[in-house]
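As a plain string of letters, each chain reads:
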Amino acid sequence: MATAMVGAPPPPSPPPSDTSAEAASVAAAAAAAPASVAAAAAAAASTPGTAAAVAAATAEAAAAPTAPGIGSGRVCHRTSGGRAVKRAAALEAAQASLLALHTTVALHCRRVTLPSGEYLSTCSAGPVDAPPLVVAHGWGAGLGLFGRNIDAAAQSYRVHLVDWPGCGGSSRPPLPPPSTDVDANVDGAVDYFVEPLAAWARVMAADATEPGFKGPFRLAGHSQGGYLAAAYARRYPADVSHLLLLSPVGVPHGPSDAELNASLAAMPWGRRTLFGTFRRLWRSAVTPQSIVRAGGATVGRPLINKYVTARFPWMDAPASAATAAYLYELFAAPVGSEAAIVRLLRPGLYAYRPAGEWLPSLRMPITFMYGDGDWMDWRGGAAAVAAMPPGLGEVLKVPASGHFLFVENADDFNRQFVGALRRVDAAATAVRAENGGRGTA
């Protein structure tokens with residue numbers, strides 16, 4: 001980010017043209033999410049009609065009384081009725097279509113009901129008595145995006161793909177009421193995700209049709225799901241034999257608020273205005289999902305289609321269409337847990353409570369994986385590994401990939417991912433042999 005500036009600020013830039021104003025509105029609105037949605041905004045801004053529709057939907061989402069705001073104290077609620085049923089059916093169909101493109105092994109997809117009455121959408125593959133591997137998606141995503149990785153992992157493991165609470169095909173309980181206290185917001189958001197996953201694990205362990213789900217499991221999480229997987233391992237260390245963090249958000253320390261403000265002040269007028277708008281939208285929890293819901297298919301489908309084409313230009317037509325259809329259904333689904341991101345992360349996607357502070361205290365193998373073109377900073381993972389006991393952590397880089405490393409270069413990702421799993425399992429087996437059969441799984 002270019003922030004250097006000497007002397008007094010330059011005079012304000014001339015008023016932008018209508019087209020560039022639309023583009024700025026779109027980019028600012030979509031900047032309330034990680035880089036993926038910023039790319040979608042840029043793509044949509046190239047079509048003036050779409051840009052205007054997104055800008056209008058953004059305004060509607062910001063003003064909507066049901067928007068999941070934090071600063072406003074508004075709380076999202078479960079959506080019921082025929083529309084929710086139709087949306088759920090459409091999401092299930094889009095997920096099935098996407099998974100069918102990339103998997104040859106049998107998939108068992110269902111809702112796993114928890115004691116609370118909530119449920120987590122789950123798809124399992126691989127021998128039922130094989131060691132369990134639980135994989136959780138990131139923000140704004142869902143289990144269907146791991147379709148390219150199932151066959152490789154299911155050769156040695158019983159793979160369980162899970163949608164987090166309030167995401168994908170899982171039930172959508174309301175987030176806890178927001179607080180002015182940062183710790184209360186972080187703790188509430190972590191509880192919202194981690195406790196249902198712990199309940200899910202206990203239901204799975206009691207399921208006679210899943211005989212392999214005994215003892216600790218291997219837990220992998222992508223992006224925000226990586227941060228939450230780490231939080232799970234911290235809270236329930238006996239549950240996790242190996243933690244795999246795939247381009248995790250929230251690991252390194254970020255700049256302070258004062259440094260962010262100084263950087264903002266040093267920007268040219270246009271960028272300063274754009275990022276200032278972004279910060280206001282972020283703090284109001286105006287998300288791309290709320291924009292898509294407010295704008296409907298007229299806004300959402302072109303926005304998502306353009307994003308997928310721009311983000312994954314190498315995809316063939318069937319894969320691109322299936323990915324776009326699935327992402328659209330994820331974003332158009334009833335209000336869920338997407339606003340939790342602003343309780344966990346500051347603008348700039350830095351965690352209020354960086355995982356790098358406590359990951360080294362976990363006494364379990366931890367594998368960090370990043371794309372070699374990743375916008376997540378691998379140095380955060382490297383610093384955490386350096387603070388761990390020797391041999392307990394590792395950082396792997398997947399070539400020719402970015403943040404979606406498991407999609408962009410699935411072959412190399414699968415090789416390194418399964419290789420890391422097998423290495424750690426082999427080491428654990430050796431330890432058990434040395435200890436006369438005692439040791440962790």
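Residues numbered from 1 in each chain as written. Predicted model: local features only at pLDDT ≥ 70, side-chain atom pairs only at ≥ 80, totals over all residues. Heavy atoms only, no water.

**Q** Quick rundown of the confidence of the model for the chain? Include the residues and the values.
**A** Across the chain, the average pLDDT comes to 84, with 80% of residues at 70 or higher. Confidence drops under a pLDDT of 50 for residues 1-54, and excluding neighbours within four residues, the segment shows 75 contacts in the predicted structure. Every residue in residues 58-79 is under pLDDT 50, and counting partners more than four places away or in other chains gives 52 contacts. (pLDDT = per-residue confidence, 0-100. Contact = heavy atoms within 4.5 Å.)

**Q** Any details on the state of the cysteines? Residues and values, ideally.
**A** A full pass over the atoms with the stated rule returns one disulfide. Note that Cys109 is cross-linked by a disulfide to Cys123, the S-S spacing being 2.0 Å. Between Cys109 and Cys123, the S-S torsion sits near 115°, and that sign places the bridge as right-handed. Here Cys109, found in strand β1 (residues 108-113), pairs with Cys123, found in strand β2 (residues 119-125); they are 14 residues apart in sequence, far enough to count as distant. For Cys109, a relative accessible area of 40% translates into the label partly exposed. (Disulfide = S-S within 2.5 Å. Helix = DSSP H or I, 4+ residues; strand = E, 2+ residues; numbered from the N terminus. Buried < 20%, exposed > 50% of the residue type's maximum accessible area, 1.4 Å probe, protein only.)

**Q** Run through the sheet that holds strand β9 (residues 366-371), naming residues and quoting values.
**A** Read from one edge of the open sheet, eight strands run β1-β2-β4-β3-β5-β6-β9-β10, paired in mixed fashion. Either end of the sheet is taken by a strand with one partner, and the two such strands are β1 and β10 (393-398). In this sheet, neighbouring strand axes are inclined to one another by 20° on average, regardless of whether the strands run parallel or antiparallel. One ladder, built from six bridges, connects β1 with β2; its direction is antiparallel. Looking at β2, one finds that Thr113 is bridged to Tyr119. (Pairing = 2+ DSSP bridges. Axes fitted to C-alpha atoms, helices over the stretch in contact; angles between N-to-C directions.)

**Q** Lay out the packing of aromatic side chains in plain terms, naming residues and giving numbers.
**A** By the definition in use, this model includes 15 aromatic pairs. Plain terms: the ring middles of Trp164 and Phe193 are 5.9 Å apart, the flat faces sit at 85° to each other, and that makes the pair edge-to-face. A residue pair is termed long-range when its members are at least 10 positions apart, and Trp164 in the loop between β4 (158-162) and α6 (182-205) and Phe193 in helix α6 qualify at 29 residues. By the burial criterion, Trp164 is buried, and Phe193 matches it. Cluster of aromatic residues (ring-pair linked, three or more members): Phe146, Tyr307, Phe312, Trp314, Phe404, Phe406, Phe413 and Phe417. Taking NZ or CZ as reference, Arg202 lies 5.3 Å from the ring centre of Tyr236, over its face. Of note, Lys397 hangs over the ring of Trp378, and the distance from its end group to the ring centre comes to 3.8 Å. (Phe/Tyr/Trp six-rings, centres within 6.5 Å; stacked < 30°, edge-to-face > 60°. Lys NZ or Arg CZ within 6 Å of the ring centre and 35° of its normal.)

**Q** Describe the side chain of Asp239, listing the residues and the values that go with them.
**A** Mapped onto the elements of the fold, Asp239 is located in the loop between α7 (224-235) and β6 (240-246). The class of Asp239 is buried, set by a relative accessible area of 13%. Looking at Asp239, its side chain comes within polar contact range of the side chain of Tyr232, at 2.5 Å. Among all residues touching Asp239, those that are not within four sequence positions of it are Arg202, Pro216, Phe217 and Tyr232. (Polar contact = N/O pair within 3.5 Å; in protein donor to acceptor, adjacent residues only side chain to side chain.)

**Q** How would you explain the side chain of Thr103 if you had to name every residue and give the values?
**A** Within the secondary structure layout, Thr103 lies in the loop between α4 (82-102) and β1. Looking at Thr103, the relative accessible area reads 13%, which means it is buried. Once you skip the residues sitting within four places of it in the chain, Thr103 turns out to touch Gly147, Ile150 and Asp151.

**Q** Describe the nonpolar core, naming the residues involved and giving the relevant values.
**A** Formed by 59 residues in total, the largest nonpolar core has its most connected members in Trp200, Tyr232, Leu243, Leu359, Ile366 and Phe368. Sort the elements by how many residues they give to this core and α6 lands first, with eleven residues. If you look at the next biggest cluster of nonpolar residues, it comprises 49 residues, including Leu91, Ala94, Ala319 and Tyr326. (Core = buried A, V, L, I, M, F, W, Y, C linked by side-chain atoms within 4.5 Å.)

**Q** Residues and numbers for helix α5 (residues 147-154), please.
**A** With six of eight residues buried, α5 is to be regarded as a mostly interior element. Regarding α5, the residues found buried are Gly147, Asn149, Ile150, Asp151, Ala153 and Ala154. Close packing links the buried residues of α5 with α4, β2, β3 (132-136), β4, α14 (405-408) and α15 (410-434).

**Q** Any details on α15? Residues and values, ideally.
**A** Here α15 spans 36 Å end to end across 25 residues, near enough to the 36 Å set by a 1.5 Å rise per residue. Of all the positions in α15, only Ala410, Phe413, Asn414, Gln416, Phe417, Val418, Gly419, Ala420, Leu421, Val424, Asp425 and Ala428 are classed as buried. Where α15 ends, the next residue or the one after it, Gly436, has phi of about 70°, a positive value. (Expected span 1.5 Å × (residues − 1).)

**Q** Let's hear about the pairing of β9: which residues, and what values?
**A** Burial analysis of β9 places six of its six residues in the buried class, which makes it a mostly covered element. Alternating residues of β9 divide into Ile366, Phe368 and Tyr370 and Thr367, Met369 and Gly371, and every residue in both groups is buried. Both β6 and β9 contribute to a ladder of four bridges, which runs parallel. Bridging across to β9, Leu246 finds its partner in Met369. Across six bridges, β9 lies against β10 in parallel orientation. Following the sheet pairing, Tyr370 is matched in β10 by Lys397. Between the parallel elements β9 and β10, the chain passes through helix α13 (residues 378-386) in a crossover that is right-handed. (Right-handed = clockwise from strand over helix to strand, strands pointing away.)

**Q** Go over the pattern of salt bridges, please, and point to the residues and values.
**A** Once the charged atoms of two side chains with opposite charge are near each other, the side chains can pair. Per the stated rule, a full pass over the model turns up 14 salt bridges. A salt bridge links Glu329 to Arg87; its shortest N-O distance comes to 2.7 Å. In this pair, Glu329 sits in helix α11 (residues 317-332) while Arg87 sits in helix α4, placing the two residues 242 residues apart along the sequence. Of the two residues examined, Glu329 and Arg87, each falls in the buried class. Note that Arg235 and Asp191 form a salt bridge whose closest N and O atoms lie 2.7 Å from each other. Linking Arg235 in helix α7 with Asp191 in helix α6, this pair joins segments that are 44 residues apart in sequence. (Salt bridge = Lys/Arg side-chain N within 4 Å of Asp/Glu carboxyl O.)

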